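Fold and geometry: a report
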Amino acid sequence: MTIKMTVENAIQAKEEIDKLESQGYTHDDIYIFAHDKKRQKHVTDALDTESVGMKEQGFLDSMKNMTSSRGDELRAKMASAGLTTQEAEEYEEELDKGKLVIIANKNQ
């Protein structure tokens, strides 16, 4: 089951992650996305969540993302974390507004 949500900041993200953990999700099941790469890395590191990499995307998609725009990269990574293409587009718009996107997926 994939759970997805948006939050305004890392404090709200921490609260939501705590709730997800109480529902049986582990840190390896939870992904956080931010439009700014540095913000995403800081929040991911601070909250000890997973980042989408070659394991989730595969080698070719990972290489393709190295030359893609940030929006294309984010949509591809969110799709790899369990969103449909349409959902990834909608959540990428939320990232454009400065929000954080949390995706929890036990199937990864």
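In case you missed it, the structure is sitting above this.
Let me sum up the structure you'll find in this document. Residue positions are given per chain, counting from 1 as you read along its sequence in written order. Where local features are concerned, this predicted model is filtered to residues with pLDDT of at least 70; where side-chain atom pairs are given and counted, the filter is 80 or more; whole-chain, interface and lining totals use all residues. Working from all heavy atoms in the structure, the side-chain values ignore hydrogens and water.

Some details on the overall build of the protein chain
Here is the rule we go by: Each helix corresponds to a stretch of at least 4 residues labelled H or I by DSSP, and each strand to a stretch of at least 2 residues labelled E; elements are numbered beginning at the N terminus. By the convention used here, residues are in contact when the closest approach between their heavy atoms is within 4.5 Å.
Within the protein chain one finds six helices and three strands. In the protein chain, the order of α-helices and β-strands from amino to carboxyl end is β-α-β-α-α-α-α-α-β. Look at the contacts in the protein chain between residues 6 or more apart in sequence, and 62% of them connect residues 24 or more apart.

Concerning a negative patch on the surface
So the rule is basically this: Nonpolar side chains (Val, Leu, Ile, Met, Phe, Trp, Tyr) within 5 Å and like charges within 9 Å form the patches, drawn only from residues with over 30% relative accessible area and no salt bridge. Note on areas: Shrake-Rupley, 1.4 Å probe, and residue coverage restricted to the protein chains presented here. Basic side-chain nitrogens of Lys or Arg form a salt bridge, by our definition, when they fall within 4 Å of a carboxyl oxygen of Asp or Glu. His is not counted here, nor are the chain ends, while Lys and Arg score as positive and Asp and Glu score as negative. We put the charge of a Lys on NZ, of an Arg on CZ, of an Asp on CG and of a Glu on CD.
A cluster of acidic residues, Glu89, Glu90, Glu93 and Asp96, forms a negative patch at the surface. Following the sequence through the fold, Glu93 ends up in helix 6 (residues 85-96).

Describing the packing of aromatic side chains
Rules: Working definition: a ring pair exists when centres of Phe, Tyr or Trp rings (six-membered ring for Trp) sit within 6.5 Å. Plane angles under 30 degrees give stacked, over 60 give edge-to-face, the rest tilted. Note on criteria: charge over ring means Lys NZ or Arg CZ within 6 Å of the ring centre, with the direction from the centre no more than 35 degrees off the ring normal.
If you walk through the whole model with that rule in mind, you get zero aromatic pairs. Lys106 extends its terminal NZ or CZ atom over the ring of Tyr25, reaching a point 4.7 Å from the ring centre.

Here we look at the packing of helix 5 (residues 70-80) against helix 6
To keep things clear, this is the line we draw: Lines fitted to C-alpha atoms define the axes, with helix axes restricted to the stretch in contact, and inter-axis angles between N-to-C directions lie between 0 and 180 degrees. Relative orientations are named as follows: roughly parallel for angles under 35 degrees, roughly antiparallel for angles over 145 degrees, roughly perpendicular for angles from 65 to 115 degrees, and oblique for any other angle. The hand of a helix crossing depends on one turn: near helix anticlockwise from the far one by less than a right angle means left-handed, and clockwise means right-handed. Ten residue types, Ala, Val, Leu, Ile, Met, Phe, Trp, Tyr, Cys and Pro, are classed as nonpolar, four, Asp, Glu, Lys and Arg, as charged, and the remainder, Gly among them, as polar.
One can describe the packing of helix 5 onto helix 6 by two numbers: an axis separation of 9 Å at closest approach and a directional angle of 130°. Between helix 5 and helix 6, the crossing angle belongs to the class labelled oblique. Pair helix 5 / helix 6 crosses with right-handed handedness. Side by side, helix 5 and helix 6 meet where Gly71, Leu74, Arg75, Met78 and Ala79 of the first sit next to Ala88, Glu89, Tyr91, Glu92 and Leu95 of the second. Across the contact of helix 5 with helix 6, the residue classes break down as six nonpolar, one polar and three charged.

A word on the sheet that holds strand 3 (residues 100-105)
Put simply, the rule is: Here the rule is simple: two strands pair whenever DSSP picks up at least two bridges between them.
As summarised here, the arrangement of the three strands in space is 1-3-2, forming an open sheet in which the pairing is antiparallel. One side of each edge strand has no neighbouring strand; the edge strands of this open sheet are strand 1 (2-7) and strand 2 (30-33). Ignoring strand direction, the axes of neighbouring strands in this sheet form an average angle of 15°. Here strand 2 pairs with strand 3 via four bridges, running antiparallel. Bridging across to strand 3, Ile30 finds its partner in Ala104. Packing against the sheet, helix 6 makes contact with strand 1, strand 2 and strand 3, and its axis sits at approximately 20° to strand 1.

Observations concerning the pairing of strand 3
Which entries qualify depends on this criterion: Exposure is judged per residue with a 1.4 Å probe applied to protein chains only, and the accessible area is read against the type maximum: over 50% gives exposed, under 20% gives buried, and values in between give partly exposed.
For strand 3, the buried fraction is high: six of the six residues fall into the buried class. Neither face of strand 3 is open: one carries Leu100, Ile102 and Ala104, the other Val101, Ile103 and Asn105, and all of them are buried. As paired strands, strand 1 and strand 3 are joined by six bridges and run antiparallel to one another. The residue of strand 3 that forms the bridge with Thr6 is Val101.

These values are about where atoms sit, not about what they do.
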